[in-house]
Amino acid sequence: MTAARVDLARIVTDDIYHRLLESLPSCAPLAGFVAQSTSFLFVRAWRARLVANAARALGPGSTRGQQVRCAYRMLGAMQRSIADIFASKDLTSDQLCSKVADLDGSADYLAARELGRGAVIAGVHMGAFEPALAMLCRHERRVHVLFQPDPMPRFERARQGLRRRLGVIEHRISDGVAAWSELLDALHADEAVVLHADCVMPGQHGAKMPFLGDPEAHLPTGPVRLAAAAGAPIIPTFCARTNRGFRVWSDGVIPAPTAPITSRESAAHPAQRALVAAMERAIRAHPDQWMAFMDLREAPAPQGRP
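Predicted model, so just to flag it, every value in this text is computed and none were measured. (Residues numbered from 1 in each chain as written. Predicted model: local features only at pLDDT ≥ 70, side-chain atom pairs only at ≥ 80, totals over all residues. Heavy atoms only, no water.)

Enquirer: Hey, could you run me through empty space enclosed by the protein in this one?
Expert: To find the voids left in a structure, one rolls a probe of water-molecule size over its atoms. All chains considered together, the criterion is met by two cavities of 30 Å³ or more. Lining the largest cavity are Ser 81, Asp 84, Ile 85, Ser 88, Lys 99, Ala 128, Phe 129, Glu 130, Pro 131, Leu 162 and Phe 246. Listing elements by their share of the lining of the largest cavity, those giving two or more residues are helix H4 (64-87) and helix H7 (129-139). By volume, the second largest cavity amounts to about 30 Å³. (1 Å grid on protein atoms, 1.4 Å probe; cavity = no way out; pocket = protein on both sides within 12 Å on 5 of 7 lines; lining within 4 Å. Points joined across faces, edges and corners; volume = space filled by probe spheres on them. Helix = DSSP H or I, 4+ residues; strand = E, 2+ residues; numbered from the N terminus.)

Enquirer: Explain the pairing of strand E3 (residues 143-147) here, please?
Expert: A regular strand carries its side chains on alternate faces of the sheet. For E3, a buried count of five out of five residues is recorded, marking the element as mostly surrounded by other parts of the structure. The side-chain alternation of E3 yields two buried faces, one formed by Val 143, Val 145 and Phe 147 and the other by His 144 and Leu 146. Bridge count for E3 against strand E5 (residues 192-196) is three bridges, and the pairing is parallel. Residue pairing across strands places Val 143 opposite Ala 192, the latter belonging to E5. Relative to strand E4 (residues 169-172), E3 runs parallel, the two sharing four bridges. Pairing of Leu 146 across the sheet is with His 171, part of E4. Between E3 and its parallel partner E4, the chain crosses via helix H8 (residues 153-166), and the hand of that crossover is right-handed. (Buried < 20%, exposed > 50% of the residue type's maximum accessible area, 1.4 Å probe, protein only. Pairing = 2+ DSSP bridges. Right-handed = clockwise from strand over helix to strand, strands pointing away.)

Enquirer: Explain H7 to me, please; I cannot follow it from the model alone.
Expert: An α-helical segment advances 3.6 residues per turn. Residues three or four places apart therefore align on the same side. Counting buried positions along H7 gives eight out of eleven residues, so the element sits mostly inside the fold. Within the sequence span of H7, burial applies to Glu 130, Pro 131, Ala 132, Leu 133, Ala 134, Met 135, Leu 136 and Cys 137.

Enquirer: When you look at unusual backbone geometry in this model, what are you seeing that I'm missing?
Expert: In most cases, non-glycine residues show a negative phi, while peptide bonds are predominantly trans. At Asp 190, a residue that is not glycine, the phi angle is positive and equals roughly 65°. Relative to the elements of secondary structure, Asp 190 occurs in the loop between helix H9 (177-188) and E5. Positioned with a positive phi, Leu 212 is a non-glycine residue whose angle comes to about 55°. Among the structural elements, Leu 212 can be located in the loop between strand E6 (206-211) and strand E7 (214-220). According to the relative accessible area criterion, Leu 212 is buried, its value standing at 4%.

Enquirer: Any chance you could explain the nonpolar core here in plain terms?
Expert: Phe 211, Met 279 and Trp 290 are the most contacted members of the largest nonpolar core, which has 55 residues in total. For this core, the leading source of residues is helix H12 (residues 270-285), giving seven residues. Apart from residues no more than four positions distant in its own chain, Trp 290 is found in contact with Asn 53, Ala 57, Met 74, Val 124, His 125, Met 126, Asp 198, Phe 211, Leu 212, Ile 283 and Leu 296. Core analysis: the next-biggest nonpolar cluster, separate from the first, contains 38 residues, Ala 31, Ala 132, Val 143 and Ala 158 among them. (Core = buried A, V, L, I, M, F, W, Y, C linked by side-chain atoms within 4.5 Å. Contact = heavy atoms within 4.5 Å.)

Enquirer: Help me understand the side chain of Ser 81, please; the structure alone is not making it clear to me.
Expert: Note on placement: Ser 81 falls in helix H4. We classify Ser 81 as buried; its relative accessible area is 17%. In this structure, Ser 81 is in contact with Gly 127, Arg 241 and Met 291, ignoring residues within four places of it in sequence.

Enquirer: Help me out: how do you make sense of the packing of H4 against H8 in this one?
Expert: When two helices pack together, you describe them by how their axes are tilted relative to each other and by the distance separating the axes. Running from N to C, H4 and H8 point in directions that differ by 60°, and their axes come no closer than 9 Å. Comparing the axis directions of H4 and H8 gives the class oblique. Considering how the two elements wind past one another, H4 and H8 form a crossing that is left-handed. Residue-level inspection shows Ile 82, Ile 85 and Phe 86 of H4 in contact with H8, the latter providing Arg 154, Phe 155, Ala 158, Arg 159 and Leu 162. Each residue belonging to the contact of H4 with H8 can be placed in one class, and the counts come to six nonpolar, no polar and two charged. (Axes fitted to C-alpha atoms, helices over the stretch in contact; angles between N-to-C directions. Parallel < 35°, antiparallel > 145°, perpendicular 65-115°, else oblique. Left-handed = near helix turned anticlockwise from the far one by under 90°. Nonpolar A, V, L, I, M, F, W, Y, C, P; charged D, E, K, R; others polar.)

Enquirer: I tried to follow a nonpolar patch on the surface on my own but got confused; where do I start?
Expert: There is a patch of nonpolar side chains on the surface, built from Leu 41, Phe 42, Val 43 and Trp 46 and spanning about 420 Å² of accessible area. As for its placement among the helices and strands, Phe 42 is situated in helix H2 (residues 28-42). Classification of Phe 42 by relative accessible area gives exposed; the value is 65%. (Patch = residues over 30% accessible without salt bridge, like charges linked within 9 Å, V, L, I, M, F, W, Y side chains within 5 Å. Areas by Shrake-Rupley, 256 points an atom, 1.4 Å probe, with all protein chains shown as cover. Salt bridge = Lys/Arg side-chain N within 4 Å of Asp/Glu carboxyl O.)

Below you can see the structure in the form of structure tokens.
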């Protein structure tokens, strides 16, 4: 994308759309609908990725029409998530927690935490991250989040401000080895580390593995490798919208791998397979809430000159 297009995208998205959501939250439903509809019609790259991932989420028995409708709703889920960040910018932790109507899997979570080895809490891009974080902060002394900063400054300021008020400690993926070392220290101190496991971000290690029927999906290996390095259990944890509010649930506990593993080895490791299975169950249950803008296939390596 050229610099001119990047500047135009920032002006339209951050200076106009995000400013509107921030200053006039009552307009969020209409503004989100306009953004959802126009983006789906005119941003072909987004539409192609969403439809491809909707096909994965719905399974091989789905029709093209079902896939397109699901993809459109995925885009709507993203707009609601963005609006939630701006609408929540002045909420307290208790107010955020009140948005969670159902909390399931607490017994598994507490049993894993009794081990005293920290916890790798792995999820997918679904539901609302911050209310789930607020609930987690009620039970954890310190919560760490591995994240990729958003390129839109207004949105990123709102998100970081919200997490700062919750007391969440952020670690940038771009910090590389330093972030990895900090997360290991957190786990060794029996603290919680939260990260997404359904998308390889720039600077992350990934590997090809079966996922949602795709035999060569490219998924991050960091969650399993981090758990192995620290001896920490993995707790697959998800969030979805319901008519009553958000539902947050843990899908069992994956024991820590007994020895350090490489990125290449992690793809076939039982812990990775268990994490993939948990993510698949969550996405299959709520396919239109999966904010699946990612390309699940590894980008080809650039070809050098002969």
